[in-house]
Amino acid sequence: MRKKNIITAGILFCMALQGLSGCKKQDLPSQQAIYIGVTYYDQSDIFLNELLDCFKEEIREMETEDKKVNVTIQGAGGSQKTQNDQVKELIDGGCNVLCVNLVDRTDPSEIIDLARDYDIPLIFFNREPVAEDMQQWDNLYYVGADAKESGTMQGEIAADVIKKNPQIDRNKDGKIQYVVLEGEPGHQDTIIRTENAVEALKENGIELEKLSYGLANWNRAQAENRMSQMISQYQTKIELVLANNDEMALGAIDAYEKLNYTESTLPLFFGIDGTDVGLKAVRESKLDGTVYNDKEGQAEAMAKLAEALVTGEGIEEIPFENQRYLYLPYAKVLE
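If you're wondering where the values come from, they're calculated on a predicted model, not measured in any experiment.

Visitor: Explanation requested: the overall build of the chain in the structure shown.
Guide: The number of helices and strands found in the chain is 11 helices and 12 strands. With the C-alpha coordinates aligned to their principal axes, the bounding extent of the chain is approximately 105 × 35 × 35 Å. Burial status across the chain gives 51% buried among its 335 residues. Residue pairs at least 24 apart in sequence account for 73% of intrachain contacts in the chain once pairs closer than 6 positions are excluded. Total accessible area on the chain stands at roughly 16,300 Å², and carbon and sulfur atoms take up 48% of it. For the chain, the distance from the average position of its 34 positive side-chain charges to the average position of its 58 negative side-chain charges is 4 Å.

Listed below in structure tokens is the structure:
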């Protein structure tokens, strides 16, 4: 009996050694495993869903016989607490790199602390944390675009259309009466896109008069409601609608369509992001222009960065700004 116990113990010891050596094999290039945990602020956001579809495609193309890549994507439903909990779950599930689109860009500390405690590289995307937070740890990165550029381009394309169509100034007062549909309070793109769009219009010689603005949280239905309120107040006085994204621009168009306004009384509509539905609206001459946010480029940059951070290969080839930022350029889109 004693001999049998010794043999059993020996077998168990050998199995334990095999288990340990199996873990070590993951360090070998032939056994690389990349597990990416992704959480984003709200699963109803059209642009982010399109970006993440591109990201999943990049992940599929990244896989080889020697390299296994898994990705788990979760939407936080607009709750920072939910997102913090999701990051804990993703870490517990074994992810070795995190990609986070923050619910609250001013409150990333808990997520940063978790990533640092477990030594898991953290890539923020689309919603840029404030600069001070990005200095909390060396393994923090950002992938996105320059919000100032998008606002400037929106103002420039709006100015071009106005110059080519002087009848847009319906009351012939030499000014363009405009309203703004803004994203959400505190989001850097809300403030920067609006300010730079207006500034670019002025720099291109367009006299402006601001009538009103409405916060619509990037949402088409909310934008339709805010636009309906502004139409009831200003009726045909509105000559230009600047929206911080395509969804809100389309919501504004919905409001006018439901009220059966004729084409001659419609204002100009401009968005930002170049979503699939936004580009379709430009082709159909409903949306006068948008600014394309390079979701394919951002998805590719995120995937390559995630791979490099896990494998340690190719990081020196990534064109960072200030050692940790990757900005993809916007592009103008007109009908």
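Visitor: Sorry if this is basic, but what is going on with the sheet that holds strand β3 (residues 97-100) here?
Guide: Backbone-to-backbone hydrogen bonds pair the strands of a sheet. The strands run either parallel or antiparallel. One open sheet accounts for 6 strands, arranged β2-β1-β3-β4-β5-β11; its pairing is parallel. What marks the edges here is a single partner per strand, and that holds for β2 (67-75) and β11 (325-327). For this sheet, the mean inter-axis angle between neighbouring strands, taken without regard to orientation, is 15°. Two elements, strand β5 (residues 140-144) and β11, share 3 bridges in a ladder whose sense is parallel. Bridging across to β11, Y142 finds its partner in Y325. Its contacts with the sheet put helix α3 (residues 80-92) on β1 (32-40), β2 and β3, and the angle it makes with β1 is roughly 170°. Of the strands in this sheet, β3, β4 (122-125) and β5 are in contact with helix α4 (residues 109-117), which crosses β4 at around 150°.

Visitor: It is not clear to me how the pairing of β2 should be interpreted in this structure. Could you clarify?
Guide: Note on strand geometry: in a regular strand, side chains alternate between the two faces of the sheet. Both β1 and β2 contribute to a ladder of 9 bridges, which runs parallel. Bridge pairing links G37 to T72 in β2. For the crossover from β1 across helix α2 (residues 46-62) to β2, the handedness is right-handed.

Visitor: Could you clarify how one ought to interpret the environment of L215 in this entry?
Guide: Looking at the secondary structure, you find L215 in strand β7 (residues 208-215). Between the alpha carbons of L215 and E184 there is a distance of 6.2 Å; along the sequence they are 31 residues apart. If near-sequence neighbours (up to four positions away) are discounted, L215 is found in contact with E182, G183, E184, P185, Q222 and R226.

Visitor: Mind showing me how you'd approach the state of the cysteines here?
Guide: The term disulfide refers to a covalent linkage connecting the sulfur atoms of a pair of cysteines. Taken as a whole and assessed by the stated rule, the structure comprises 0 disulfides. There is no disulfide at C95, and the cysteine sulfur nearest it, in C99, is 9.3 Å away.

Visitor: Just checking my understanding: could you explain the packing of helix α6 (residues 147-164) against helix α7 (residues 188-203) for this structure?
Guide: Pairs of packed helices are described in terms of their axes, by the angle between the two and the distance that separates them. It is at 7 Å that the axes of α6 and α7 come closest, and there the two elements cross at 35°. In this structure, α6 meets α7 at a crossing whose hand is right-handed. Contacts between α6 and α7 involve A147, K148, S150, G151, T152, Q154, G155, E156, A158, A159 and I162 from the former and D189, I192, R193, N196, A197, A200 and L201 from the latter. Class assignment of the residues belonging to the contact of α6 with α7 gives a composition of 8 nonpolar, 6 polar and 4 charged.

The rules behind each value
Residues numbered from 1 in each chain as written. Predicted model: local features only at pLDDT ≥ 70, side-chain atom pairs only at ≥ 80, totals over all residues. Heavy atoms only, no water. Helix = DSSP H or I, 4+ residues; strand = E, 2+ residues; numbered from the N terminus. Buried < 20%, exposed > 50% of the residue type's maximum accessible area, 1.4 Å probe, protein only. Contact = heavy atoms within 4.5 Å. Areas by Shrake-Rupley, 256 points an atom, 1.4 Å probe, with all protein chains shown as cover. Lys, Arg positive; Asp, Glu negative; His and termini not counted. Charge placed at Lys NZ, Arg CZ, Asp CG, Glu CD. Pairing = 2+ DSSP bridges. Axes fitted to C-alpha atoms, helices over the stretch in contact; angles between N-to-C directions. Right-handed = clockwise from strand over helix to strand, strands pointing away. Disulfide = S-S within 2.5 Å. Left-handed = near helix turned anticlockwise from the far one by under 90°. Nonpolar A, V, L, I, M, F, W, Y, C, P; charged D, E, K, R; others polar.

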